[in-house]
There are 2 protein chains.
Amino acid sequence: MLTALRQYCGPRLSTRQAVREQHGRDESPFDMPPPEAVVFAESVDDVVEVLGLAHQHRVPVIPYGTGTSLEGHILAVQGGVCLDVSRMNLIQQINAEDLTVTVQTGVTRNQLNAELRHQGLFFPIDPGADASLGGMAATRASGTNAVRYGTMRENVLGMTVVSAQGKVLRTGTRARKSSAGYDLTRLFVGSEGTLGVITDLCLRVYPLPEAVSAAVCFFGSVDAAVQATIQIIQMGVPIARCELLDVHAVRAVNQHDHLGLREAPMLLMEFHGSPAGVAEQAQAVQEIVRELGGADFDWATTPEARSKLWTARHHAYLSALQTRPGCRCVTTDICVPISRLAESINAAVAEVEAAGLPYFIVGHVGDGNFHLGYLIDPTVPAEREAAERLSHQMVRRALTMDGTCTGEHGIGLHKQTYLIEEAGEAAVDVMRQLKQALDPHNIMNPGKIFTQP
Amino acid sequence: MLTALRQYCGPRLSTRQAVREQHGRDESPFDMPPPEAVVFAESVDDVVEVLGLAHQHRVPVIPYGTGTSLEGHILAVQGGVCLDVSRMNLIQQINAEDLTVTVQTGVTRNQLNAELRHQGLFFPIDPGADASLGGMAATRASGTNAVRYGTMRENVLGMTVVSAQGKVLRTGTRARKSSAGYDLTRLFVGSEGTLGVITDLCLRVYPLPEAVSAAVCFFGSVDAAVQATIQIIQMGVPIARCELLDVHAVRAVNQHDHLGLREAPMLLMEFHGSPAGVAEQAQAVQEIVRELGGADFDWATTPEARSKLWTARHHAYLSALQTRPGCRCVTTDICVPISRLAESINAAVAEVEAAGLPYFIVGHVGDGNFHLGYLIDPTVPAEREAAERLSHQMVRRALTMDGTCTGEHGIGLHKQTYLIEEAGEAAVDVMRQLKQALDPHNIMNPGKIFTQP
């Protein structure tokens with residue numbers, strides 16, 4: 001296989017140790033031997049050729065965008081070749097009138113937004129990292145704007161995909177909706193590279209709001225912050241972002257970004273609309289916050305002040321890592337019906353406090369989704385075990401609440417037992433049947449989401 | 001099979017001619033021999049039992065909700081048994097805090113909304129008919145509110161499904177978002193009964209808006225009405241409904257509902273929000289309309305006046321049928337990127353005028369979706385042929401515009417060649433592989449969406 005690949009790829013193939021190692025790990029706390037080689041695809045033809053050879057030689061192929069996944073999605077657990085698509089990074093079409101764009105798979109969200117800004121448009125999905133849009137689709141990513149704009153599930157209109165068998169498929173069109181057959185787009189969104197390689201995407205984009213304002217406020221308890229969120233959502237306030245940072249997360253971003261925020265559970269919110277609409281939303285929210293004892297309601301209406309706050313929010317993960325030098329983070333990602341959110345957070349906090357592990361919480365609370373990060377010393381097995389045990393407890397509780405083990409990070413390697421507990425053996429068997437039908441030799445990112453029998 | 005079925009079902013099975021015939025046709029202009037029997041399922045156990053027997057005897061099963069599909073979805077093209085689920089009509093859970101409900105598959109949208117109203121909530125998806133929610137999911141239905149609230153694709157959170165092999169699956173949870181494995185929910189949404197039987201659904205619902213107002217206005221041309229719509233969407237006005245009626249549709253509803261509307265291309269719009277927000281949206285829209293020569297901008301802010309207008313809109317199809325006694329309607333359903341909508345409508349109008357067939361147009365223009373209905377005399381084969389030819393031309397043009405052959409009605413029997421033209425053989429083959437994997441004996445509503453080789 002490698003000989004044939006090298007013949008086709010020439011300098012686009014690398015077997016250098018450093019390149020392989022860089023492509024052999026993501027942001028998860030797993031270690032694994034790297035892939036045997038890295039191929040840098042530059043076109044759909046390259047992808048077709050690589051998958052054709054892989055199919056012929058029965059060699060695993062692992063699609064790779066920016067390597068920022070959190071659940072071991074890109075680890076070469078069964079060896080094989082890493083297919084780096086980051087050079088396929090052309091913005092192919094911006095259709096401002098239709099509010100759609102077509103991009104190659106390796107375009108990152110920041111790259112897209114830098115280009116869209118000139119046309120008064122933006123793409124709202126923002127996982128913390130500057131991930132590739134293909135990778136974001138593959139993990140069904142979301143982020144802070146999902147409460148208003150949805151996730152990758154709602155915002156991918158169509159794709160070009162190279163199937164495991166090397167066929168080029170178009171799924172979807174540029175139409176906003178369609179009832180034309182099975183929803184192949186949604187099947188590939190969230191498939192974590194196990195069914196084929198996404199090579200381009202048609203996405204929905206949005207007009208930049210006429211007015212934007214952000215606000216922070218602080219609460220006596222996480223409970224009060226969540227209650228405020230529930231009331232905001234229930235009143236139908238079209239809030240664009242509604243993020244919780246617990247006291248540990250606030251402390252971490254204070255240290256990292258020198259923000260001087262009050263160290264208490266905090267909501268960080270953003271409102272989009274007309275100037276009058278934003279003012280009205282903000283007033284409604286302010287009343288709710290006041291009733292629940294929220295304090296220090298503070299505005300950030302200038303782009304600079306807003307950007308400072310949201311940058312801090314996006315740094316929360318890195319900032320928290322720096323509070324314990326040498327630590328690694330075991331991140332959870334449960335999402336529950338919002339009425340159960342406070343209960344879910346409180347129980348998780350009680351458990352981690354009892355276990356004595358350092359931690360922090362950030363949450364897309366408008367969606368009922370939050371991340372509790374356990375900051376563990378990777379050289380102390382007992383800490384990893386404790387984090388795993390606590391994480392599993394959180395998931396089990398979320399499932400009894402009709403929630404999910406992962407709101408936006410995906411299953412990867414780490415959450416496979418959780419998926420079975422959540423969906424049940426019968427549903428996971430259906431997933432296995434779909435995989436078997438589309439990738440009979442199990443070459444596409446094998447060993448992820450579920451194991452094949 | 002019938003003997004075994006009768007033994008299990010007792011009086012829940014009927015082979016009476018009248019019952020079979022009633023279950024053997026939908027709103028499409030197709031005629032077909034009826035199913036051999038009709039079973040009235042009353043529980044998940046009934047569905048499991050019927051599918052088990054069908055699987056054993058290799059007999060087709062056709063799920064049936066209200067029989068209001070438009071593309072021959074429920075016709076017994078390969079014989080078999082109709083599985084009527086309309087008695088499974090319990091609203092099982094309303095979780096107002098979480099904005100979710102759980103309903104059995106046979107609950108209709110009006111039944112659900114009558115119940116939700118007491119809690120200040122509503123479910124927005126409104127195809128013309130009072131369809132069952134399971135059927136609406138199976139055809140990926142939408143309607144007039146989709147421009148703001150999305151379609152069934154966006155509003156089904158999870159389901160219980162009995163697979164072709166008689167296994168009970170849970171897909172999704174009550175969480176608003178999830179990255180847990182393949183998106184089985186979205187695979188069953190739009191699968192037209194070909195992969196299994198939906199037995200219950202968890203849906204998103206919305207707070208009743210504080211203020212609602214509707215408005216009509218009239219334009220010199222369809223073009224001007226569509227231009228107004230494009231500008232409304234592009235400005236980011238969160239309009240809740242934006243419907244076009246052409247002069248023929250306006251004339252038909254005038255006759256049917258005695259409305260006295262000006263007989264010209266008309267936009268019928270609705271705004272949801274706070275009182276100030278609604279006023280602001282309406283003002284922005286009024287300015288756009290005025291610039292494009294729209295006239296007679298007229299408000300309907302009382303619930304009665306609004307209801308009268310929307311009832312007329314929902315009657316448009318029936319009203320148009322009555323303009324030509326004895327006619328049948330061949331309905332089109334293309335959806336294109338909105339920048340191509342006026343061109344798409346104008347070309348279709350020119351063609352139908354040249355052919356001399358009576359027609360009307362209603363459109364969910366905010367989505368780029370419209371229905372041109374050809375009113376044909378079913379006893380004149382040349383008229384049906386002309387309608388088929390014109391419809392095909394519309395679809396081909398929509399595909400060159402990056403659009404879809406069906407925005408919301410589905411493929412059924414009628415649009416199978418269109419699906420191949422739209423998605424390509426490779427993508428339709430993937431659909432066939434999925435069907436083969438989940439329903440190896442092809443018992444679930446066979447012959448719909450695509451033919452199996």
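How each quantity is defined
- Residues numbered from 1 in each chain as written.
- Chains lettered and ligands numbered in written order.
- Predicted model: local features only at pLDDT ≥ 70, side-chain atom pairs only at ≥ 80, totals over all residues.
- Heavy atoms only, no water.
- Contact = heavy atoms within 4.5 Å.
- Buried area = accessible area lost by both parts, 1.4 Å probe.
- Salt bridge = Lys/Arg side-chain N within 4 Å of Asp/Glu carboxyl O.
- Polar contact = N/O pair within 3.5 Å; in protein donor to acceptor, adjacent residues only side chain to side chain.
- Helix = DSSP H or I, 4+ residues; strand = E, 2+ residues; numbered from the N terminus.
- Expected span 1.5 Å × (residues − 1).
- Buried < 20%, exposed > 50% of the residue type's maximum accessible area, 1.4 Å probe, protein only.
- Arc of directions from axis to C-beta.
- Core = buried A, V, L, I, M, F, W, Y, C linked by side-chain atoms within 4.5 Å.
- UniProt positions renumbered as here; feature names shortened; annotations may be inferred.
- Pairing = 2+ DSSP bridges.
- Axes fitted to C-alpha atoms, helices over the stretch in contact; angles between N-to-C directions.
- Domains from an automatic or database assignment.
- Least-squares fit on C-alpha atoms with pLDDT ≥ 70 in both.

Draft legend 1. Inspection of the interface of chain B and chain A at higher detail. On the side of chain A, 78 residues touch chain B, which itself brings 79 residues to the contact. Here chain B and chain A share an interface that buries about 6400 Å² over both sides, 56% of which is from carbon and sulfur atoms. Linking chain B with chain A are eight salt bridges. Here Asp367 of chain B makes a salt bridge to Lys177 of chain A, at a shortest N to O gap of 3.2 Å. For the pair chain B and chain A, the number of links is 40 residue pairs in polar contact (both at pLDDT 80 or more). Elements represented by at least two residues in the side of chain B that touches chain A include exactly helix H6 (146–149), helix H7 (152–155), strand S9 (168–171), helix H8 (184–188), helix H9 (222–234), helix H11 (275–291), helix H16 (416–423) and helix H17 (425–438) of chain B.

Draft legend 2. Quick look at helix H12 (residues 303–314) of chain A. Residues and elements named next belong to chain A. Here H12 is twelve residues long and its end C-alpha atoms lie 16 Å apart, about the 16 Å a rise of 1.5 Å per residue gives. All of the buried residues in H12 are Arg306, Leu309, Trp310, Ala312 and Arg313. Angularly, the buried residues of H12 cover 155° about the axis, an arc narrow enough to put them on a single face.

Draft legend 3. Molecular detail of the nonpolar core. Met269 of chain A together with Met269 of chain B are the most contacted members of the largest nonpolar core, which has 191 residues in total. Setting aside residues no more than four positions away along its own chain, Met269 of chain A makes contact with Ser213, Ala214, Ala215, Cys217, Ile232, Ile239, Arg241, Cys242, Val285, Phe297 and Trp310 of chain A.

Draft legend 4. Structural detail: the UniProt feature "domain: FAD-binding PCMH-type" (unreviewed entry) in chain A. This chain's UniProt record puts "domain: FAD-binding PCMH-type" (unreviewed entry) on residues 30–208 of chain A. Structurally, residues 30–208 of chain A comprises 23% helix and 26% strand, and the distance from its first C-alpha atom to its last is 39 Å.

Draft legend 5. Representation of the sheet that holds strand S5 (residues 91–95) of chain B. Residue and element names in this part refer to chain B. Pairing within the open sheet is antiparallel, and its five strands lie in the order S5-S6-S10-S8-S9. In this open sheet, the two edge strands, each paired with only one partner strand, are S5 and S9. For this sheet, the mean angle separating the axes of adjacent strands, direction not counted, is 15°. Judged from the seven bridges that link them, strand S8 (residues 156–163) and strand S10 (residues 196–204) form a sheet pairing that is antiparallel. Its bridge partner lying in S10, Val156 is registered against Leu203. Contacting S8, S9 and S10, helix H3 (residues 44–57) crosses the sheet at an angle of about 45° to S8.

Draft legend 6. Layout of the domain arrangement of chain A. If you check the domain split of chain A, you get domain 1 (2–84), domain 2 (91–207), domain 3 (211–316) and domain 4 (324–415). A C-alpha centroid distance of 41 Å is found between domain 1 of chain A and domain 3 of chain A.

Draft legend 7. Geometry of the relation of the copies chain B and chain A. Superposing chain B onto chain A takes a rotation of 180° plus a shift of 0.0 Å along the axis, which leaves an RMSD of 0.0 Å. Both copies of the chain, as the preceding transformation shows, are related through a two-fold rotation axis. Most of the interface of chain B is mirrored in chain A, where 99% of its interface residues again form contacts.

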